[in-house]
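# Residue-level structural notes
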Amino acid sequence: MPKTQFYTATSIDGFIADADNSLDWLFEVDEGDADSAPFASFFAEVGAFAMGATTYEWVLEHEGLLDKPLKWAEYYGDTPAWVFSHRSLPPIPGADLRFVQGDVRPVHAAMAEAAQGKNVWVVGGGELAGAFADAGLLDEIVLGVAPVTLGTGAPLLPRKLTSSRLALTGMQQVGQFAYLTYSVGPPA
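Residues numbered from 1 in each chain as written. Predicted model: local features only at pLDDT ≥ 70, side-chain atom pairs only at ≥ 80, totals over all residues. Heavy atoms only, no water.

## Structural notes on the overall build of the protein
Quick reminder of the rule: Counting from the N terminus, the helices are DSSP H or I runs at least four residues long and the strands are E runs at least two residues long. The cut-offs for exposure are 20% and 50% of the maximum accessible area for each residue type, with area from a 1.4 Å probe on protein chains only; residues under the lower value are buried, those over the upper are exposed, and the others partly exposed. Should any heavy atoms of two residues lie within 4.5 Å, those residues are considered in contact. Two residue types count as positive, namely Lys and Arg, and two as negative, namely Asp and Glu; His and chain ends fall outside the count. To locate a charge, the coordinates of NZ of Lys, CZ of Arg, CG of Asp or CD of Glu are taken.
When you go through the protein residue by residue, the secondary structure sums to five helices and 10 strands. With the C-alpha coordinates of the protein rotated into their principal frame, the extents come out at 40 × 40 × 30 Å. Among the 188 residues that make up the protein, the fraction classed as buried is 46%. For the protein, long-range pairs separated by at least 24 residues make up 74% of all intrachain contacts whose partners lie at least 6 apart in sequence. In the protein, the 10 positive side-chain charges and the 23 negative ones have mean positions that sit 9 Å from each other.

Here it is in structure tokens:
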């Protein structure tokens, strides 16, 4: 059964980006053996994904994708992506991008259809993942917890999800990361 998953890295104190929306802190962490990194096997099961405007802008800038659009295909192939934004953003030439706004439910339905039986990945940010959780559309959270504290920044999930909705289903150490997997139950 396909799942909708929020797969992300987080600091120990629960931030997915620092106060400047930077992920530089993340790239300083030892990931261990490249063959044991879980992202490649995770993404092999993804048929569609979504991200918010801030995440999209960070990827555009950090990877220089407007100047080097083929890098997008190197990372994500032809997997379709939905970008939630209230403003106009530049598309990456050749990328299968759909710019949307509003309620996540109809977008999720389109993503699930496009995924053709594969999983849907909610890249981030935390507010977008929270909107999927609020709508009862988030099945799993996979956290790569990095050995760093940021003190402030973009929160992992800026809402309350209690243990009545979350169940730990997996733990794994990869390099300096602790990967924690939680199933997410429906809202009350």
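## Some remarks on helix H2 (residues 53-63)
Along H2, the residues that are buried comprise Ala53, Tyr56, Trp58, Val59, Leu60 and Glu63. Buried residues in H2 make contact with strand S3 (46-52), helix H3 (70-76), strand S4 (81-84) and strand S5 (97-100).

## As for the side chain of Thr10
Just so we agree on the cut-off: Identification of polar contacts relies on pairs of N or O atoms within 3.5 Å, with a donor-acceptor requirement for protein atoms, meaning one able to donate a hydrogen and the other able to accept it, and with residues adjacent in sequence counted only if both atoms are side-chain atoms.
Along the chain, the position of Thr10 falls in strand S1 (residues 4-11). Looking at Thr10, its side chain comes within polar contact range of the main-chain oxygen of Phe15, at 3.5 Å. Contacts of Thr10, omitting those with residues within four sequence positions, involve Phe15, Ile16, Trp25, Leu143, Gly144, Val145, Ala146 and Leu156.

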